[in-house]
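# Survey of secondary and tertiary structure
For reference, the chains in residue letters:
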Amino acid sequence: MLFQIIGLTKSFGGLTAVNDLSFGIEEGQIVSVIGPNGAGKSTVFNLVTGVHHPSAGRIELMGQSIGGLKPYQVARQGIARTFQSTTVFAQDTVFENLVIGHRLRTGSGLFSALLGSAREHGDCNKSMAKAEELLSFLDLERYRNEAAGNIPQESQKRLSIGIALATEPRLLLLDEPTGGVNLEEDNSLIRIIQKIKASGVTICLIEHKMKMVMDISDHVVVLSYGSKIAEGDPQSVSRNKSVIEAYLGPGYAAKG
Amino acid sequence: MNKSLLRPGFLIPAVIVLVAVAAPLFSENRYLHHLMIMACIWGIAATALNLVMGYAGQVNLAHGAFFGIGAYTSGLLMLKLGIGFWIALPLACLTAALFGLLIGMPSLRTKGAYFAIGTLCFNVIVTVIIDRWEDLTEGQRGLLGIPSPSPIPLPFGLTIHFDNNMITTYYLFLAMLLVTLFITRRIVTSLTGKNFRAVKGNEELAASIGINPFRTKLIAFVTSTFFAGLAGGLYASYIGFLSPDISDFHVTFEVLIQVMFGGLGTMAGPIIGATFLPMISETLHALAAYRMVTYGIMLIVVIIFLPSGIMGGLKLLWAKRTKAKS
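Computed from a predicted structure; not experimentally measured.

Another point: the overall build of chain B. In terms of helices and strands, chain B carries 14 helices and four strands. For 326 residues, the compact-globule estimate of 2.2 N^0.38 gives 20 Å, and chain B sits close to it at 20 Å. In terms of its C-alpha atoms, chain B occupies a principal-axis envelope of roughly 60 × 50 × 50 Å. Across the 326 residues that make up chain B, the buried fraction comes to 47%. A sequence separation of at least 24 residues applies to 75% of the contacts in chain B between residues at least 6 apart.

Given below as structure tokens:
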């Protein structure tokens, strides 16, 4: 098991956003976390990446606890993420965005910079090579020198995935990778996610679009009100009674 | 990439440096020399503030305090302990940087406006301490008679003297400014500089790719205070007199306006601001009572029409020109 959450709980004041949640991710899989709005999906990501700290429970990467680490420390352990709202360095060019993404794998600090050392030059070249590789992997070459804030939404989504990939993660967390883009553009993002999987990176994603979840997931975890209500392969989850109820629940509640 | 010596990125700075080097030879006007020396001092202070504010995105409103700490450190070391200028100056930089570390650690835990307010409070505290600690600083009486930079011996029995020689003082300070610019440029174009930009651009995203935002901001802050200390140390030796006003938040805002006027986050911007704003302000003396009103209106006009300063405006013009060409 590459990654595991055990009994994870998070309360904000009186609200329990995530309640005793456990699931695991096998190396090389695509695992989707789904659930109605407010089910606690993004909170799970924020707990894993150290934005919030768990009230209880364990988070493990390769058997090592990563609970309580700060976001930048989690990234250094090999977990990269994207954000629900598309997040790129808007003022910098697409190329620069990818270069800075690789910063994690380079060690040059202030003194290397002041001395203009060989290490600094080597790290620069390494980062630029990585950025070149990702430009073609993500098919973003034509936007290379554009400010990242000025390129189309779907390309920004790809770039935000690219920034995360530049850190060379073991586990990639994607928070609604296709949120806010149209159906045709979905397909290009789906292809990229599959390419990432093929390159050996394990993926966990939050998604609302069922078609996409069913098409690409190896495993699906369903949350409702912070608790896991079902998990399994896409087909079995889609037929699960409590899952259907969770999604249609508010309708029943209105009647009864 | 264009590596030619004729590319604008090299040619324009080279011409400006040549003009700066040649300028005092064409005029014997001591007042002009004074303005140029002050431009070097403010240029170093503004470049330092620009590093933390323009490149790392942290609005540090304690800059005047570090300028004052640098000035008082070198002034006191020379006056009270009789230490030479060339030892006192680096110690002034290091002391300012040490205080930068002590003040940066707590205040960088806060963000945005809170950081600005927090550092402004530190600025006031530092000024009050300098003002009240009369046994050490002489308080409002001020420190009088701080010596000029010690002479530099040259081979063949020659020496460069700085006392009562504005030309040599100017060249010394210009050299210090160029060193500051060289180091700043090294930093902002390096991978460390990319960290600054990332934290300025989006702290949350920067952290998600493994950049430690606190550490990055602290590096920018401490480096900035080091050069603020340098500017202060040079000021002390040139003016020869210090009072607590020199660490006051008015100094902070003076430098802040210079940086914003010239162009935040550009290499040339702080130099433009530090050179021309004091000159404009001096010229406006002719207007007597209306001086500050006119100065204020001019700043408002610049901020409204050129929000990214003179350099921002020039860059827009340049972009239009190259677009029209292609």
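This paragraph deals with the overall build of chain A. Each helix and strand counted, chain A has ten helices and ten strands in total. Whereas a compact globule of 256 residues would reach a radius of gyration of roughly 18 Å, chain A reaches 19 Å, a difference of no more than 12%. Once the C-alpha set of chain A is aligned to its principal axes, its extents read approximately 70 × 40 × 30 Å. Expressed as a percentage of the 256 residues in chain A, the buried residues total 44%. Taking the contacts inside chain A whose residues are at least 6 apart along the sequence as the reference set, 66% of them involve residues at least 24 apart.

Taking 1.5 Å per residue as the helical rise, helix 13 (residues 291-305) of chain B with its 15 residues ought to reach 21 Å, and the 21 Å between its terminal C-alpha atoms agrees with that figure. For helix 13 of chain B, the buried fraction is low: zero of the 15 residues fall into the buried class.

A word on the packing of helix 6 (residues 153-165) of chain A against helix 7 (residues 183-198) of chain A. Residues and elements named next belong to chain A. Relative orientation of the contacting elements helix 6 and helix 7 amounts to 15 degrees, with a least axis distance of 10 Å. Relative to helix 7, the element helix 6 lies roughly parallel. The interaxial crossing formed by helix 6 with helix 7 has right-handed handedness. The segment helix 6 lies against helix 7, with E154, K157, R158, I161 and L165 engaging E185, S188, L189, I192 and I196.

This next bit is on the nonpolar core. Considering soluble globular proteins, one finds that nonpolar side chains tend to be buried as a cluster. Core analysis: the biggest nonpolar cluster contains 153 residues, and L172 of chain A together with C40, I41, I44, A45, F173 and A231 of chain B have the highest contact counts within it. Not counting the four nearest positions on each side in its chain, C40 of chain B is found in contact with F173, L174, M176 and L177 of chain B.

Here we come to the sheet that holds strand 5 (residues 64-65) of chain A. Residue and element names in this part refer to chain A. One open sheet accounts for four strands, arranged 2-1-4-5; its pairing is antiparallel. Since the sheet does not close on itself, it has two edges, and those belong to strand 2 (15-25) and strand 5, each with one partner. Judged from the seven bridges that link them, strand 1 (residues 3-12) and strand 2 form a sheet pairing that is antiparallel. Its bridge partner lying in strand 2, Q4 is registered against G24. Running at roughly 70 degrees to strand 2, helix 1 (residues 41-48) makes contact with strand 1, strand 2 and strand 4 (56-61) of the sheet.

With that settled, consider the sheet that holds strand 3 (residues 30-34) of chain A. Residue and element names in this part refer to chain A. In space, the six strands of this open sheet follow the order 6-7-8-3-9-10, with mixed pairing throughout. Of all strands in the sheet, those bounded by a partner on one side alone are strand 6 (79-81) and strand 10 (227-232). Strand-to-strand twist in this sheet, taken as the mean axis angle between neighbours without regard to direction, amounts to 20 degrees. Bridging between strand 9 (residues 219-224) and strand 10 involves five bridges; their strand directions are antiparallel. By the bridge assignment for strand 10, V221 is matched with E231.

With that settled, the discussion passes to the interface of chain B and chain A. The partner chain A presents 29 residues to the 20 residues of chain B that form the contact. Breaking the side of chain B that touches chain A down by element, the ones donating at least two residues are helix 7 (166-188), helix 8 (191-201) and helix 9 (203-208) of chain B. Among the elements that make up the side of chain B that touches chain A, the one with the highest residue count is helix 8 of chain B (seven residues). A breakdown of the residues in the side of chain B that touches chain A according to their chemical character gives nine nonpolar, eight polar and three charged.

The next point concerns the environment of R109 of chain B. Tracing the sequence through the fold places R109 of chain B in the loop between helix 4 (85-107) and helix 5 (112-132). Note: C-alpha distance between R109 of chain B and A48 of chain B (61 residues apart in sequence) is 21 Å.

All names here are of chain B. Where helix 3 (residues 63-80) contacts helix 5, the two axes come as close as 8 Å, and the packing angle between them is 30 degrees. It follows from the interaxial angle that helix 3 and helix 5 lie roughly parallel. Residues G64, A65, G68, I69 and Y72 of helix 3 pack against F122, N123, V126, T127 and I130 of helix 5. Tallied by class, residues from the contact of helix 3 with helix 5 come to six nonpolar, four polar and no charged.

Quick look at the pairing of strand 9 of chain A now. All names here are of chain A. Burial of strand 9 is extensive: five of the six residues sit out of reach of the surface. In terms of strand pairing, strand 3 meets strand 9 through four bridges, oriented parallel. Bridged to S32 within strand 9 is V220. The turn linking strand 9 back onto strand 10 is made up of two residues, and Y225 within it adopts a positive phi angle of 45 degrees.

We now examine helix 5 (residues 118-137) of chain A. Here helix 5 of chain A is 20 residues long and its end C-alpha atoms lie 29 Å apart, about the 28 Å a rise of 1.5 Å per residue gives. Every buried residue belonging to helix 5 of chain A is among E120, D123, S127, K130, A131 and L134 of chain A, and all of these are buried. One side of helix 5 of chain A holds all its buried residues, which, seen down the axis, span an arc of 100 degrees. In helix 5 of chain A, the exposed positions that point more than 90 degrees away from the buried face belong to A118, H121, N125, A129 and S136 of chain A. The elements touched by buried residues of helix 5 of chain A are helix 3 (94-101), helix 4 (110-115) and helix 6 of chain A together with helix 8 of chain B. Of the residues one or two after helix 5 of chain A, D139 of chain A is the one with positive phi, at around 60 degrees.

Side chains on a regular strand alternate between the two faces of the sheet. Residue and element names in this part refer to chain A. Counting buried residues along strand 3, five of its five residues qualify, which places the element largely inside the surrounding structure. Taking every second residue as pointing to the same face, both faces of strand 3 are buried, with I30, S32 and I34 on one and V31 and V33 on the other. For strand 3 and strand 8 (residues 202-206), the ladder comprises four bridges, and the chain directions are parallel. In the strand pairing of strand 8, I30 is matched with I203.

Residues and elements named next belong to chain A. With a phi angle near 50 degrees, D20 is a residue other than glycine that sits in the positive phi range. You can see D20 is positioned in strand 2. The exposure class of D20 is partly exposed, given the 14 C-beta atoms found within 10 Å. At E168, a residue that is not glycine, the phi angle is positive and equals roughly 55 degrees. Its place among the elements puts E168 in the loop between helix 6 and strand 7 (171-175).

Rules used in this analysis
Residues numbered from 1 in each chain as written. Chains lettered and ligands numbered in written order. Predicted model: local features only at pLDDT ≥ 70, side-chain atom pairs only at ≥ 80, totals over all residues. Helix = DSSP H or I, 4+ residues; strand = E, 2+ residues; numbered from the N terminus. Rg over C-alpha atoms; globule rule 2.2 N^0.38 Å. Buried ≥ 20, exposed ≤ 12 C-beta atoms within 10 Å, placed from the backbone. Contact = placed C-beta atoms within 7 Å. Expected span 1.5 Å × (residues − 1). Axes fitted to C-alpha atoms, helices over the stretch in contact; angles between N-to-C directions. Parallel < 35°, antiparallel > 145°, perpendicular 65-115°, else oblique. Left-handed = near helix turned anticlockwise from the far one by under 90°. Core = buried A, V, L, I, M, F, W, Y, C linked by C-beta atoms within 7 Å. Pairing = 2+ DSSP bridges. Nonpolar A, V, L, I, M, F, W, Y, C, P; charged D, E, K, R; others polar. Arc of directions from axis to C-beta.

Without other data, these values stay purely geometric and don't point to any function.
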